[in-house]
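Close look at the chain arrangement
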Amino acid sequence: LEFRRVLFRSTEDIKPILDTDCVRCHNTRNANGRVDLSTYAAVMREVRAGNAASPLVRVAQQGGSMYREWSGDRAAKATLLRRWVVDFQAKETR
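Nothing here was measured: the structure is a model prediction, and the numbers come from that model.

**Quick look at the side chain of H26**
Structurally, the position occupied by H26 is in the loop between α1 (10-21) and α2 (40-44). Here H26 falls in the buried class, since its relative accessible area comes to 12%. Apart from residues no more than four positions distant in its own chain, H26 is found in contact with A31, N32, V35, D36, L37, S38 and M66.

What follows is the structure, encoded as structure tokens:
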């Protein structure tokens, strides 16, 4: 994962990760825990822009209930998600 970008963008940087690791269980048909992560609008129901205590950030970080569901480099994905929410205000576009 590339961390040197000037700004993270939901469509290019976050959605592919969520689609790979989260959406199989958190979508409109199968919203485990009543959480749908299939669209930007749905993701934003689990995010408070700028807030590291956002539900999505909490469960995705090491020690969180969904951290083990990340494929590949879990730490990098958790960091990217946290930076997108906290540092880049969960922006949809650049």
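**Re α1**
Quick reminder: α-helices carry 3.6 residues per turn. Residues three or four places apart thus point the same way. Here α1 has its buried residues at S10, D13, I14, I17, L18 and D21. Buried residues of α1, viewed axially, fall in a sector of 115°; they line one side. For α1, the elements touching its buried residues are α2 and α4 (74-86).

**Things to note about the side chain of S38**
Considering the arrangement of structural elements, one finds S38 in the loop between α1 and α2. There is a polar contact of 2.6 Å between the side chain of S38 and the side chain of D36. Not counting chain neighbours up to four residues away, the residues in contact with S38 comprise K15, V23, H26, N27 and T28.

Calculation notes
Residues numbered from 1 in each chain as written. Predicted model: local features only at pLDDT ≥ 70, side-chain atom pairs only at ≥ 80, totals over all residues. Heavy atoms only, no water. Helix = DSSP H or I, 4+ residues; strand = E, 2+ residues; numbered from the N terminus. Buried < 20%, exposed > 50% of the residue type's maximum accessible area, 1.4 Å probe, protein only. Contact = heavy atoms within 4.5 Å. Arc of directions from axis to C-beta. Polar contact = N/O pair within 3.5 Å; in protein donor to acceptor, adjacent residues only side chain to side chain.

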